[in-house]
Structures are given as C-alpha cells and as structure tokens.
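Spelled out, the chains give:
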Amino acid sequence: MSIESKAAKGATWLAFFQFTGQAISWAATVIVARILVPGDYGLMEMATLITGYAFIFNELGLGHAIIQSPTLTERQQSSVFWFSMMLSLFFALFALGVAYPTALIFDEPKVIPLTQATSILFILSGLQIVPGSLLHKQMNFRIIGFINMMGVLVSCISMVVIAKLGGGVWTLIGGHIIRSLTRTVLVYSTTGWRPLVSFHFQEAKRFIQFGVLVAVGRSLFYVYEKSDKFFAGRAWPAQSLGLYSFALQLAMIPTEKIVPIINQVSYSAFAALQNEKDRFNAFYLNITKITATVVLPIFCGGFLLGEGIIRLLLNEQWYPMITLFRYLCLVQIIVSMTTVNQTVHSAQGKPGRTIVLNSIRVIFMPLSFFFAVQYGINAILVPWFTTYMIINLAWLVYTLNKLDISMVSYLNSLRVPASATAIMVLAIVAMEYALGFIQVHIPLYASLCVEIIVGTAVYGFFLWRLDSDLLSKLRNMLR
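The present account deals with the structure reproduced in this document. (Residues numbered from 1 in each chain as written. Predicted model: local features only at pLDDT ≥ 70, side-chain atom pairs only at ≥ 80, totals over all residues. Heavy atoms only, no water.)

## Concerning the side chain of Thr291
Here is step 1: Among the secondary structure elements, Thr291 is positioned in helix 13 (residues 277–313).
Here is step 2: Of note is the side chain of Thr291, whose polar atom sits 2.8 Å from the backbone oxygen of Ile287. (Helix = DSSP H or I, 4+ residues; strand = E, 2+ residues; numbered from the N terminus. Polar contact = N/O pair within 3.5 Å; in protein donor to acceptor, adjacent residues only side chain to side chain.)

## So, the environment of Val32
Here is step 1: With respect to the element layout, Val32 can be found in helix 1 (residues 3–35).
Here is step 2: By relative accessible area, Val32 is classed as buried at 2%.
Here is step 3: Each C-alpha atom of the pair Val32 and Thr171 lies 8.2 Å from the other, and the pair is 139 residues apart in sequence.
Here is step 4: Those residues in contact with Val32 that sit more than four places away from it in its chain are Tyr41, Met159, Val160, Thr171 and Leu172. (Buried < 20%, exposed > 50% of the residue type's maximum accessible area, 1.4 Å probe, protein only. Contact = heavy atoms within 4.5 Å.)

## Re the environment of Val98
Here is step 1: Relative to the helices and strands, Val98 resides in helix 4 (residues 74–106).
Here is step 2: Using a relative accessible area of 9% as the deciding quantity, one classes Val98 as buried.
Here is step 3: Sequence separation between Val98 and Gln116 is 18 residues, and the spatial gap between their C-alpha atoms is 8.0 Å.
Here is step 4: When residues no more than four places from it in sequence are discounted, the contact partners of Val98 are Ile50, Thr51 and Thr115.

## As for the packing of aromatic side chains
Aromatic ring pairs are reported here in terms of the distance separating the ring centres and the angle at which the planes meet.
Here is step 1: Applying the stated criterion across every chain yields a total of 20 aromatic pairs.
Here is step 2: The interplanar angle of 80 degrees and the centroid separation of 4.9 Å between the aromatic rings of Phe81 and Trp82 together place this pair among those described as edge-to-face.
Here is step 3: When the ring of Phe461 is compared with that of Trp464, the centres are 6.0 Å apart and the planes differ by 50 degrees; the resulting orientation is tilted. Placement of the pair is Phe461 and Trp464 together in helix 18 (residues 444–466), with a separation of three residues, close to one helical turn. (Phe/Tyr/Trp six-rings, centres within 6.5 Å; stacked < 30°, edge-to-face > 60°.)

## Section: the packing of helix 13 against helix 14 (residues 322–347)
Here is step 1: Interaxial distance between helix 13 and helix 14 falls to 8 Å at its minimum, and their mutual angle equals 170 degrees. Put simply, helix 13 runs roughly antiparallel to helix 14.
Here is step 2: Across the contact of helix 13 with helix 14, the residue classes tally to 19 nonpolar, seven polar and three charged. (Axes fitted to C-alpha atoms, helices over the stretch in contact; angles between N-to-C directions. Parallel < 35°, antiparallel > 145°, perpendicular 65-115°, else oblique. Nonpolar A, V, L, I, M, F, W, Y, C, P; charged D, E, K, R; others polar.)

These figures come from the coordinates and say nothing about function on their own.
Here it is, written out as structure tokens:
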C-alpha cells in the first residue's frame with residue numbers, strides 16, 4: 001500500500017472515531033454550558049494561561065521528532081521517555097508554584113487551586129509522548145481514533161455529572177484531567193509498549209535538538225494565541241472574558257476536531273514523502289482541497305445560521321456572544337486552511353521557518369489585541385480581520401514559494417469547494433428570504449433544520465456536479 005493510500009485509509013478511520021466523539025462532545029458542551037455561567041469559562045482561561053504555555057515545553061516537540069526521524073531504536077525510545085518524564089515532573093512542580101503569580105496578575109484568588117490542579121496534566125502528558133508518537137509514526141490511526149474517542153466519551157460523561165453536582169469551574173478542569181488519564185491508560189494497554197530501564201542522554205540528544213525548535217515555534221504560537229485572552233482578562237470582567245472565550249471555543253470546534261485529523265495523518269505522510277518533491281506537492285494540493293471541502297461549508301454555515309444556533313442551544317446568558325461567534329466562524333476559515341503549512345515545514349525538517357512566522361505573530365498580534373480590548377468586547381474582532389489575515393496570507397505565499405507551487409495551482413485546488421460553498425450560501429439566503437416573505441410562524445428548530453438540509457443538499461449536489469471524482473475518492477475511502 002502506498003504512503004498516500006495508507007494516509008487516506010488512516011484519515012478515514014480517524015475521522016470516523018473523531019466525528020463519533022465530536023457528536024458526544026457537542027452534546028456535552030451544550031449541556032454543561034447551560035449549567036455553568038460565563039464566569040466559569042473566564043476563570044478557566046485565567047487559571048490555565050501560564051501553565052498552558054509551560055505545557056508546550058513539557059512535550060518539547062519530542063513527539064514530532066520521533067515521527068520525523070527516519071530511524072528509531074528501542075534504546076532511543078526509552079531515553080526519550082525518561083527525559084520527558086523528568087521534564088514533566090519539573091513542570092508539575094512549576095504549576096504548583098506559578099498559581100500564586102497567576103492570581104496576582106488577574107487579581108483573582110480563585111484561580112490558585114485550579115492552576116495547581118493542572119500539575120496532574122503535565123505528568124499524564126509526559127507518559128503519553130513516546131507510545132502515542134509511535135502510533136502516529138506507524139500511521140495506526142484506527143487505534144489513535146479509538147483512544148481519542150474513548151477519552152472524549154469518558155470525560156464528557158464525567159463533566160456532565162460534575163456540573164450537575166454543582167462543580168462549577170471544576171467541571172472544566174476535571175474534564176481535561178479525566179480525558180488525559182483515560183488516553184494514558186488506553187495508549188499503554190493497546191500498544192503494549194514499555195520503556196527499558198535505561199537512559200543515555202546521547203541517545204535522546206538528536207530528538208531533543210529537533211524538538212526544541214518545534215517547541216520554540218509552538219511557544220511563540222501560544223503567546224500570540226493567548227494574547228487576546230490575556231489582555232481581555234485584564235481589561236474585562238470574568239463574565240465578558242467567558243463570553244468571548246466560549247464563542248471562540250465554539251467557532252474553533254471544526255478547526256480543533258476536524259483539521260487535526262487531516263494534519264495528524266498528513267504530517268506522517270509528508271515526513272515519508274519529504275525527499276520526493278512531485279508526490280509531496282501533489283499531496284499538499286490534495287490535502288488543501290480536502291480541507292476546503294470539509295471546512296468551507298461548515299464555517300460559512302456557522303456565519304449564516306449562528307444566531308439561530310446559539311438561541312436554540314443555549315440560554316439567554318450566552319446571547320451577547322452571537323456576533324462574536326458568527327464572525328469568528330469566518331476567521332476560522334483562514335486558520336484551518338493555513339495550519340497545514342506549518343505541518344509541511346516541520347515534516348521537511350525545517351521547524352525554524354515556523355519560528356519566524358510565530359515571531360512575527362508575537363510582535364503584531366498582542367499589540368493589536370492590547371488596543372482592541374479597550375473598545376469593548378466586539379472590537380476584539382478587528383485584529384482577527386486585519387493583522388491576522390495579512391500575516392497568514394503572507395505565510396501562505398511564502399510556503400507556496402518554498403514548495404515551488406504556483407498561486408494558480410493553489411487556487412485551482414480550491415475552485416470546486418469554494419464554488420459549491422458559494423452556491424450553498426445563496427441557497428440558504430434565498431431560503432431565509434422566502435421564509436420571511438411568506439410571514440408564516442415557524443419554530444426556530446424547524447427553520448434551522450430546513451436551512452441546514454437545503455444547504456447540505458445543495459452543497460453536495462454541486463460538489464458532485466463540479467467534481468464527481470472527488471466524491472468518488474471520498475466514497476472509496478469510506479469503503
């Protein structure tokens with residue numbers, strides 16, 4: 001079986017488990033959000049802001065180094081494992097101490113025990129690095145998908161129970177801990193991998209050197225990614241921060257749950273194809289097309305139907321975030337379409353390029369958010385539609401230049417999904433206009449169902465008419 005075929009088959013299994021887990025996660029998210037208050041989500045963001053940054057260095061990019069490495073001995077695996085465990089213990093102790101400065105920064109003592117609880121996550125993460133990365137290296141995405149799905153299932157059930165028992169913000173941190181614990185147990189029980197009682201720094205050195213570059217790039221990414229919440233947390237009350245963070249969380253669901261499937265599979269395939277330029281570039285354009293096919297209708301639909309979705313699923317305390325949610329859906333189109341570019345450079349053994357990108361983001365994005373939050377909650381959208389868009393479009397041009405792919409070829413890969421999405425949007429707008437014109441009272445859930453069904457049918461039909469070969473490929477993958 002070719003690398004591309006193995007990646008496609010792996011993506012199908014991973015997608016199956018991911019979508020199953022996502023259906024459970026969406027249901028649990030709605031139930032929990034109706035029980036908790038926006039302030040709980042604000043406290044969660046405050047409590048994990050600094051430890052989230054440390055979490056990047058806890059993994060240190062060692063997983064990427066293992067996947068990217070052409071050769072990997074058992075002694076090297078064990079040395080990397082013991083090094084990662086020493087690192088995890090250090091950061092677990094760090095989380096216990098940094099809780100107090102975190103409380104001072106946000107002037108909120110409630111975050112102290114929450115931040116300290118994240119120390120458990122550092123240990124669990126360190127345990128998963130080597131066996132989890134070996135599963136990715138082997139492209140064993142069926143097991144990876146199963147493990148992820150079970151982690152979601154167990155944590156979601158636990159979160160609903162904790163929320164109903166009055167756990168408040170502990171529902172959120174508890175869910176993260178339970179999910180990580182479940183995944184740790186399943187990784188070891190399914191792989192049967194065990195480390196040797198042996199540690200030699202020289203065996204791990206090569207992986208650490210590569211991983212450090214990946215971790216630096218991720219750390220810079222984290223700084224810009226969390227800068228909006230940092231400045232918002234200092235300028236706004238916890239309730240406003242909770243509204244924004246939850247709107248972003250909902251808008252990012254496809255990016256976090258669907259795009260990683262593509263990136264997990266593609267990273268392993270890109271790493272295997274890094275010395276075959278033509279196949280590498282063809283695979284890149286194919287991944288771009290598949291990503292656009294999946295995310296464009298979802299995010300455009302989220303923008304059009306966002307108000308109705310929020311009003312149907314959540315209660316009145318969440319209505320102020322409707323505008324944020326709708327426009328953040330549009331932002332996520334750029335986020336999801338450009339994420340693969342970082343995967344490409346890392347798979348080619350060039351993580352330093354991503355460091356340059358994230359350094360630029362760190363300079364301009366926090367500065368933009370600092371000024372934006374002074375003008376109210378909706379003003380935080382401005383940096384997303386200006387600074388962020390400019391930087392990512394420049395990053396796309398740079399990536400295409402390095403791969404020697406023309407912009408025409410790239411845009412051609414987007415032609416079919418973009419055209420089908422545009423027709424879908426027109427169909428939904430026409431349906432909304434028709435429902436308003438006939439002035440017949442229709443329940444919100446019924447009108448949403450009609451618009452979603454019409455939009456899905458129109459998109460699927462024109463996708464088939466414009467590129468039946470694409471649907472055939474997807475159908476064959478499912479088989």
